[in-house]
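So you can see what is in the structure, the chains are spelled out below.
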Amino acid sequence: MSIGSILSIAKSGLQVQQKAMNVTAHNLANASTEGYARQRANIAARPALDTPQGALGTGAGMVDVERIADPLLDQVFRRETSTSSEQGTRAATLARIEGILGEPSDIGLAAALDQFFSSFSELGANPTDTTVRAVVRRDAQYVADKLNGLAQNLDVVRQDATARLETGVADMNAMTRDIADLNRHIVAAEADGTTASDLRDSRSRLLDRLATLGPIKVSERSDGAVGVSMSGVSVVDGAYNSPLEIRTVGGNVGLALVGRAGLVQTGGGSLGGLMGVLNTDVPQARQVFDDVAANLVDQVNTAHRTGTNPLGNTGVDFFDPATLTSSSIALSAAVLADSRAIAA
């Protein structure tokens, strides 16, 4: 082997090690970069040169810059992220509903009801006291206002959840579109057998963010592209994505593929949490408030109709019998017009 060949091998070896050091420096520079996966320089011997004297080595070369990532750990991380995001979303909403209810407190619904019944008891003990009669009407109006306010606040929670769901679906569609676009770039970049590590990092970050929105399953293909499914429904298929939309079926809010019938059964992620809020949490809370209103109207009116008021009338409704929900409960027209319509 000539001195020139020896020097060429030495030179190429230094160049390879320089590239390996660049990879190490790249790792150090991105140590705190979100979603960055460590890279490793894969160095291998170059093909030997066949000579009459035998095969002679030609030095080393960099085969590829490998991305160090564990698909199994990524899968576990995304699954747990989806579950945590769903529970966190619902917990925050339930805490908000708890705050709306404001119990126990001196200004909550329970305190308002206690004060209302206490005023009625005082009127029973002093049926001719016009001031106490006015207090009964005032306290009853406060109860009705409380229930009306609870219903209005729940409507705000529902509207906020709906707006967040719409934003989340738009974000999901944008992410699946970007993932499909990255799939195209990765397949093209890896056609020569190398690894497009930085492009894969960008795709991995998007997949991690996507997992916060919904439960996803990622499957990698031999060409470097990935497929993404949600509850068994494909949302990314190589270079193509399938957008989702919000759809209401049978009174329940759900997600569906655009242009296709049926709902995607999504349980997980913030979108799953928001749908749980809209389909379960808010309706259940609203039903509780409506039950309180309906029972209050029924029980108070039933007792009140048996009494005779100072105007000599009997069979008078205290609350409007048509207002049986928390959003509509109101005093009857007779009681609103004149506190003397109240029977002791």
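Refer to the structure printed above.
The numbers attached to residues start from 1 for each chain and follow its sequence in the written order. Only residues with pLDDT of 70 or above have their local features reported here, since the model is predicted, and side-chain atom pairs are shown and tallied only from 80 upward, although totals for entire chains, interfaces and linings are computed over all residues. For side-chain calculations, the full set of non-hydrogen atoms in the structure is used, while hydrogens and water are omitted.

### A few points about the pairing of strand 9 (residues 244-249)
- Strands are treated as partners if at least two bridges between them are detected by DSSP. Segments assigned H or I by DSSP are reported as helices when at least four residues long, segments assigned E as strands when at least two residues long, and all are numbered from the N terminus. One ladder, built from six bridges, connects strand 9 with strand 10 (residues 252-257); its direction is antiparallel. Bridging from a neighbouring strand, Leu-244 pairs with Leu-257 of strand 10.
- Hairpin connection between strand 9 and strand 10: a loop of two residues separates the two successive antiparallel strands, and Gly-250 in this loop has a positive phi of roughly 60 degrees.

### Description of the packing of helix 3 (residues 109-125) against helix 4 (residues 130-189)
- Throughout, an axis means a line fitted to C-alpha atoms (over the contacting stretch in the case of helices), and angles, computed between N-to-C directions, take values from 0 to 180 degrees. Running from amino to carboxyl end, helix 3 crosses helix 4 at an angle of 160 degrees, the nearest separation of the two axes being 9 Å. Put simply, helix 3 runs roughly antiparallel to helix 4. Viewed along their axes, helix 3 and helix 4 form a crossing whose handedness is left-handed. Facing helix 3, whose interface residues are Leu-109, Ala-112, Leu-113, Gln-115, Phe-116, Ser-119, Phe-120, Glu-122 and Leu-123, helix 4 presents Val-132, Arg-133, Val-135, Val-136, Asp-139, Ala-140, Tyr-142, Val-143, Lys-146, Leu-147 and Leu-150.
- Lys, Arg, Asp and Glu make up the charged group, whereas Ala, Val, Leu, Ile, Met, Phe, Trp, Tyr, Cys and Pro make up the nonpolar group; the residues left over, Gly among them, are polar. Classifying every residue of the contact of helix 3 with helix 4 gives 14 nonpolar, two polar and four charged. Angles are sorted into four bins: roughly parallel if under 35 degrees, roughly antiparallel if over 145, roughly perpendicular if 65 to 115, and oblique for all others. What makes a crossing left-handed is the near helix being turned counterclockwise from the far one by less than a right angle; a clockwise turn instead makes it right-handed. Contacts are assigned to residue pairs with any non-hydrogen atoms lying within 4.5 Å of each other.

### Some points on the sheet that holds strand 7 (residues 233-237)
- Taken in spatial order, the four strands line up as 5-6-7-8 in an open sheet, and their pairing is antiparallel. Only two strands of the sheet have a single partner each, and these edge strands are strand 5 (217-220) and strand 8 (240-241).
- Pairing of strand 5 with strand 6 (residues 226-230), which is carried by four bridges, proceeds in the antiparallel orientation. For Ser-219, the partnering residue across the bridge sits in strand 6 and is Gly-227.

### Structural notes on the nonpolar core
- Counting residues in each nonpolar core, the largest one holds 60 residues, and the members touching the most others are Phe-116, Leu-244, Leu-296, Phe-318 and Phe-319.
- At the level of elements, helix 2 (71-101), helix 3, helix 4, helix 5 (197-213), strand 6, strand 7, strand 10 and helix 6 (269-305) are the ones that each hand at least two residues to this core.
- Sorting elements by how many residues they give to this core places helix 4 first, with 17 residues.
- Setting aside residues no more than four positions away along its own chain, Phe-318 makes contact with Phe-116, Phe-120, Val-136, Ala-140, Val-300, Asn-301, His-304, Leu-331, Ser-332, Val-335 and Ile-342. Residues belong to a common nonpolar core when they are buried Ala, Val, Leu, Ile, Met, Phe, Trp, Tyr or Cys residues joined through side-chain atoms within 4.5 Å. Working definition: with a 1.4 Å probe on protein chains only, accessible area under 20% of the residue-type maximum means buried, over 50% means exposed, and in between means partly exposed.

### Describing the pattern of salt bridges
- Definition used for salt bridges: Asp or Glu carboxyl oxygen within 4 Å of a side-chain nitrogen of Lys or Arg. Tallying each qualifying case throughout the model produces 17 salt bridges.
- Asp-139 serves as the salt-bridge partner of Arg-138, at 3.1 Å between the closest nitrogen and oxygen.
- The class for Asp-139 is buried, based on a relative accessible area of 6%.
- The partner of Arg-184 in a salt bridge is Asp-181, with the nearest N and O atoms 2.8 Å apart. Here the residue Arg-184 and the residue Asp-181 both occupy positions in helix 4, the gap between them amounting to three residues, near one helical turn.
- Judged by relative accessible area, which is 41%, Arg-184 ranks as partly exposed.
- On the accessibility criterion, Asp-181 (30% relative accessible area) is partly exposed.
- One salt-bridge network, in which partners are shared between bridges, spans Asp-155, Arg-158, Arg-286 and Asp-290.

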